[in-house]
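Okay, here's what each chain looks like letter by letter:
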Amino acid sequence: MAFGWRVREGDRTAFKCLIALAAVYGVIAFGVYAILHMWHVKPLALDAPLHRFSEARAIEHLKKLTVDIDGRQEGKPGLEAAAKYIKEQLEMIAARAGPDYRMEIEETLVSGSFSMIFLRHSLSLGYRNHKNVAMRISSRNSTDDDPSVMVNGHFDSPPGSPGAADCGSCVASMLETARQIVDSGWVPPRPIIFLFNGAEEVFLLGSHGFMKTNKWRDTIGAFINIEASGSGGPDLVCQSGPGSWPSKIYAQSAIYPMATSSAQDIFGIIPGDTDYRIFAKDNGDIPGLDIIFVLGGYFYHTSYDTIERLFPGSIQARGENLFNLIEAFANSPLLQNAKQRSDMAAKKGGEGERAVYSDYLSFFMIYYSRRVSLVLHTLPVLIFFLMPLILCLPNVALHHYVAIFTDMLKGLLFHVIGVLLAVIVPVVFAVLRLFFSNYSMSWFAHPYLAFLMFVPSSLIGLLIPKTICGFFPTSQDTSMRKMPKEALSEAAHFWGAFGFYSFVTMAYLLAGLGGGGLTYLISFSMALSWCSFFLVRKHFGYQSFKSLTAYVVPLIPCLTYLIYFGGFLVQFLIEKMGMMGSLPPPYGYFIPDVIVAATVGVVTGWCVGPLMPIAGRWLARSSVLQFLLQFSVIALALSSQFFPYSDAAPKRLVLQHHFVTAGGSKIVESSYDFSVLDSNSLSFVFKNAPEAAKMLNIGADFSFETANRSDRSSSVVPACLMCEITKKLSMLWVGTRGQACMGFFFQVYCICLKLLNIQISNAST
């Protein structure tokens, strides 16, 4: 063959199996991509029925906020103009309301102070005269202390950003939803509060001021906080609580759900925060949902967060979900004001515990309580311990049980080694590539490269144990079981893999986390597939391709979800790698590629690992490993020809002004830091943008090894917030030598630097 290895007769079936499985995964991946980019949601036009939410009508509000108004940042006239526009729209909605409605609109200035721990930093904040706009929609018979449902979104935007997604899309959705409530004729049985807060980007000041001073604060029985850290996609529920009630309401009412209890397990380690913190944790202990656009994060907090970047269909799906959620919360008998919640606090019991939930491809929700999970998530472990007893029937004896259980433990160890190698091998490949490449993150502007680079190498890791060791020796008596050793070894490997996912599920359960639903789905689906495989192999034999098909087909719904969840996770991670902050050399250069490679390895372990006990019989061949190895090498080599950045995936740069003060008012020292927000250094920027080096008067004798570097520990502003003062650097790949030119906004930065007479000294660190 042209690839340089010789295919033996038995390898033909192996490659047929590999191609067939690749086709199955490819079809599923295409469908998942379409779902995540909202191709299945049709936005409604301006002439849509008034009782329906219309994305086009919401976009009209968004155009006013982001195009007609110049900047919605604290201290700029645009923020006041936005507040005025929002109030005018609310007054127009109130004017159309019939006699059955009670409409209240207020505009307030909030002031106060508080302390918080943010990313391990202690911050003390004082503020005054931040504007909030709110509207309360209720029935004419409602009272002032009736429990209410609040929808919160902020209308300020980060410095330098028009904030179309973050969070003009939130404000536009709220205005259209408020109009829908009135024009649909639905009179809410409980009051609905729409809070448009004007100071979220400066450490959640608007929501804090509302909770400390507003007359409606103690009536709030549930809240929905809508946010954006990207340009669209499914609206992910990142946090829910306190208790399981909000997630249950979401599961029952969302039309296009995207929620997983796993998200809340990891949200705490993500460098960011939302108004959810103020309402659900710091001030009020109010049950609620934190719902966020998370995909399309390349332009988050930049000047390119414009209407054109929004995913069509995302606002439509958000609006339809939002109306249904408001209706469900307002009709729920569990809605209570602050006094009622305080009186019932001692009676919460199990209702205060977190449930396990997940959407399936944004089509429907799977939800069950913590008590149910205690039974469901324990069941696979019980099956694992009972299976040796079942397999040794009818010759039940202790030594038979021990022999089968020993083989299952060998299979468990066998599978664990494969899963670990699925993570380790792509990490090693990623590190080796960087030794021969001039830059990291080649996958940043081209996410598909991450899959081409690391999925084949991850498959190598999964297949290594079975390729090298073949079938491990069994402790069972083949004459008693009347099965060949290969079949016994395969069965032991299967139940060992089943046990691995079962024990991971149990670990999640014992840790009190909600992410065990993923591994429970794997173990449950594997059990069903084994039953199908067991029945078919009686007729065709365990070596038949039809038997393999009988095993794979029942797993397809599970594999589809795993690709959906894993693909979303990898895409989200890749986008956020552009804003994680530059890490100290020399190891910081490797970190992003290592993180992405390890994540792809974990996801591959999820998505392919359940097939390995059975499909490994066909795939675990040296010729297949050689093919995957050569494919990986070619993919890694080709990836080095792709520039990490593009107009659609810009590199972020930060110009940060530091002040050192004494006595609260005296400025002792001030300095400017010019830095990057990913692992490709400033030297990389200047190397690929000679115009920038020229404008900064940087000559050939300049050395970044001896240049001043800012002390990361001295600043309380984390990388995720540095983006607020970031302008886009468009990197365009030009010519065969990979030269790049700087974008317009970076030139503006350079001119500003020259005007400020900033000089980069050659003094040592």
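Residues numbered from 1 in each chain as written. Predicted model: local features only at pLDDT ≥ 70, side-chain atom pairs only at ≥ 80, totals over all residues. Heavy atoms only, no water.

Student: Hey, could you run me through the overall build of the protein in this one?
Tutor: Across its full length, the protein holds 25 helices and 14 strands. When burial is assessed residue by residue, the protein has 56% of its 765 residues classed as buried. For the protein, the share of sequence-separated contacts (at least 6 apart) that also reach a separation of at least 24 residues comes to 79%. Surface accessibility of the protein: about 32200 Å² in total, with carbon and sulfur atoms responsible for 62%. (Helix = DSSP H or I, 4+ residues; strand = E, 2+ residues; numbered from the N terminus. Buried < 20%, exposed > 50% of the residue type's maximum accessible area, 1.4 Å probe, protein only. Contact = heavy atoms within 4.5 Å. Areas by Shrake-Rupley, 256 points an atom, 1.4 Å probe, with all protein chains shown as cover.)

Student: What exactly am I supposed to notice about the state of the cysteines here?
Tutor: Note on terminology: a disulfide is the covalent bond linking the sulfur atoms of two cysteines. A complete count under the given rule lists one disulfide for this structure. What pairs with Cys167 in a disulfide is Cys170, and their sulfur atoms sit 1.6 Å apart. Every disulfide takes its handedness from the sign of the S-S torsion; for Cys167 and Cys170 that torsion is -50°, giving left-handed. With Cys167 and Cys170 both in helix H4 (residues 164–183) and three residues apart, this pair spans about one turn of that helix. Like Cys170, Cys167 is buried. (Disulfide = S-S within 2.5 Å.)

Student: What should I look at first to understand the pattern of salt bridges in this one?
Tutor: Two side chains carrying opposite charge are able to pair once their charged atoms lie near each other. All chains considered together, the criterion is met by 20 salt bridges. As a salt-bridge pair, Arg277 and Asp282 come within 2.8 Å of each other at their nearest N and O atoms. Through salt bridges with shared partners, a single ionic network connects Arg57, Arg96, Glu176, Arg179 and Asp183. (Salt bridge = Lys/Arg side-chain N within 4 Å of Asp/Glu carboxyl O.)

Student: How do you make sense of the nonpolar core when you look at a structure like this?
Tutor: A general tendency of soluble globular proteins is for nonpolar side chains to be buried together. In this structure, Trp443, Phe454, Met526, Val596 and Leu611 are the most contacted members of the largest nonpolar core, which totals 106 residues. At 16 residues, the largest contribution of residues to this core is made by helix H18 (residues 545–576). Excluding residues that lie within four positions of it along the chain, Met526 makes contacts with Phe494, Ala497, Phe498, Tyr501, Tyr551, Leu555 and Pro610. Within the second largest apolar cluster, 50 residues are counted, among which are Ala97, Leu175, Ile181 and Leu322. (Core = buried A, V, L, I, M, F, W, Y, C linked by side-chain atoms within 4.5 Å.)

Student: When you look at the pairing of strand S4 (residues 192–197) in this model, what are you seeing that I'm missing?
Tutor: Taken residue by residue, a regular strand's side chains alternate between the two faces of the sheet. With six of six residues buried, S4 is to be regarded as a mostly interior element. Residues Ile192, Phe194 and Phe196 line one face of S4 and the alternating positions Ile193, Leu195 and Asn197 line the opposite face, and both faces are buried. For strand S2 (residues 121–139) and S4, the ladder comprises six bridges, and the chain directions are antiparallel. Opposite Val133, over in S4, you have Phe196 as the bridge partner. Relative to S4, strand S3 (residues 148–154) is paired through six bridges, and the arrangement is parallel. Paired with Val151 across the bridge in S4 is Phe194. Crossover connection from S3 via H4 to parallel S4: handedness right-handed. (Pairing = 2+ DSSP bridges. Right-handed = clockwise from strand over helix to strand, strands pointing away.)

Student: What am I meant to see in the confidence of the model for the protein here?
Tutor: When pLDDT drops low, the exact placement of atoms in the prediction is not to be read closely. Confidence in the prediction for the protein averages 85 pLDDT; 86% of positions are at 70 or higher. At the level of individual helices and strands, the protein shows its lowest average pLDDT in strand S13 (residues 732–734), which scores 29, and its highest in S4, which scores 98. When the criterion is pLDDT under 50, residues 1–5 qualifies, and its contacts beyond four places in sequence or with other chains add up to seven contacts. Note on residues 706–765: pLDDT under 50 across the span, and 147 contacts to partners over four residues away in sequence or across chains. (pLDDT = per-residue confidence, 0-100.)

Student: I tried to follow the side chain of Asp275 on my own but got confused; where do I start?
Tutor: Of note, Asp275 is situated in the loop between helix H7 (261–267) and helix H8 (276–282). Buried and unpaired, Asp275 has Arg277 as its nearest opposite-charge partner, separated by 9.3 Å. Asp275 has contacts with Asn152, Asn197, Glu200, Leu204, Ser207 and Asn225, leaving out every residue within four places of it along the chain. (Lys, Arg positive; Asp, Glu negative; His and termini not counted.)

Student: Can you help me understand the sheet that holds strand S7 (residues 288–295) in this one?
Tutor: In a beta sheet, neighbouring strands pair by backbone hydrogen bonds and run either parallel or antiparallel. Across the sheet, seven strands lie side by side as S1-S2-S4-S3-S5-S7-S6; this open sheet has mixed pairing. Single-partner strands in this sheet number two, and they are strand S1 (101–118) and strand S6 (232–241). The sheet shows a mean angle of 20° between the axes of neighbouring strands, direction not considered. Taken together, the six bridges between strand S5 (residues 220–228) and S7 define a ladder with parallel strand orientation. When the sheet's bridge partners are listed, Phe223 is paired in S7 with Gly288. Packing of H4 onto the sheet brings it into contact with S1, S2, S3, S4, S5 and S7, and relative to S5 it is tilted by some 135°. On the sheet, helix H5 (residues 205–213) packs against S1, S2, S3, S4 and S5 and is oriented at approximately 110° with respect to S1. (Axes fitted to C-alpha atoms, helices over the stretch in contact; angles between N-to-C directions.)

Student: Would you mind going over the packing of aromatic side chains with me for this structure?
Tutor: For any pair of aromatic rings, the description rests on two quantities: the centre-to-centre distance and the angle between the ring planes. Counting across every chain of the model gives 40 aromatic pairs. Plain terms: the ring middles of Phe568 and Phe572 are 6.5 Å apart, the flat faces sit at 15° to each other, and that makes the pair stacked. A residue pair is termed a helical-turn pair when its members lie 3 or 4 positions apart in one helix, as Phe568 and Phe572 do in helix H18 at four residues. With a relative accessible area of 9%, Phe568 lands in the buried category. Here Phe572 falls in the buried class, since its relative accessible area comes to 17%. For the pair Phe643 and Phe684, a centre-to-centre distance of 5.7 Å together with 20° between the ring planes defines the contact as stacked. Here Phe643 is found in the loop between helix H21 (622–639) and strand S10 (651–662), whereas its partner Phe684 is found in helix H22 (residues 682–687), with 41 residues between them in sequence. This pair shows no difference in class: Phe643 is buried, exactly as Phe684 is. The structure contains a cluster of three or more aromatic residues connected by ring pairs, namely Tyr298, Tyr439, Phe444, Phe643, Tyr645 and Phe684. (Phe/Tyr/Trp six-rings, centres within 6.5 Å; stacked < 30°, edge-to-face > 60°.)

Student: I tried to follow unusual backbone geometry on my own but got confused; where do I start?
Tutor: Cis geometry marks the peptide bond from Asp166 to Cys167; its omega dihedral reads -5°. Note that the residue after Gly241, namely Pro242, is joined by a cis bond; omega there is -5°. The residue Asn129 is not glycine, and still its phi comes out positive at about 60°. Inspection of the secondary structure assignment puts Asn129 in strand S2.

Student: How do you make sense of the packing of helix H2 (residues 55–68) against helix H9 (residues 314–331) when you look at a structure like this?
Tutor: In a pair of packed helices, the angle between the axes and the distance between the axes together describe the arrangement. Between H2 and H9, whose axes approach to 9 Å, the crossing angle comes to 105°. The angle between H2 and H9 falls in the class roughly perpendicular. Residues Glu55, Ala58, Ile59 and Leu62 of H2 touch H9, and the partners they reach there are Ser314, Ile315 and Gln316. Looking at the contact of H2 with H9 residue by residue, the classes come out as four nonpolar, two polar and one charged. (Parallel < 35°, antiparallel > 145°, perpendicular 65-115°, else oblique. Nonpolar A, V, L, I, M, F, W, Y, C, P; charged D, E, K, R; others polar.)

Student: I tried to follow the environment of Leu513 on my own but got confused; where do I start?
Tutor: Among the structural elements, Leu513 can be located in the loop between helix H16 (485–510) and helix H17 (516–540). For Leu513 and Val356, which are 157 residues apart along the polypeptide, the C-alpha to C-alpha distance reads 8.6 Å. Not counting residues up to four positions away in its chain, the partners in contact with Leu513 are Asp265, Arg370 and Tyr508.

Student: Can you walk me through a nonpolar patch on the surface in this structure?
Tutor: Among the surface-exposed residues, Leu379, Leu382, Leu386, Leu389, Ile390, Leu393 and Val396 lie close enough to one another that they form a single nonpolar patch of about 630 Å² accessible area. Considering the arrangement of structural elements, one finds Ile390 in helix H12 (residues 379–391). (Patch = residues over 30% accessible without salt bridge, like charges linked within 9 Å, V, L, I, M, F, W, Y side chains within 5 Å.)

Student: It is not clear to me how H4 should be interpreted in this structure. Could you clarify?
Tutor: Because the α-helix completes a turn every 3.6 residues, residues three or four places apart line up on one side. Burial of H4 is extensive: 19 of the 20 residues sit out of reach of the surface. Downstream of H4 by a residue or two, Gly185 has a phi angle that is positive, lying close to 80°.

Student: Looking at this structure, how should I read the packing of helix H14 (residues 447–469) against H21?
Tutor: Between H14 and H21, whose axes approach to 9 Å, the crossing angle comes to 155°. In this view, H14 runs roughly antiparallel relative to H21, as classed from their interaxial angle. The crossing of H14 and H21 is left-handed. Touching Leu449, Leu452, Met453, Phe454, Pro456, Ser457, Leu459, Ile460, Leu463, Ile464 and Thr467 of H14 are Ser622, Val624, Leu625, Leu628, Leu629, Phe631, Ser632, Ala635, Leu636 and Ser639, all from H21. Tallied by class, the residues present in the contact of H14 with H21 amount to 16 nonpolar, five polar and no charged. (Left-handed = near helix turned anticlockwise from the far one by under 90°.)

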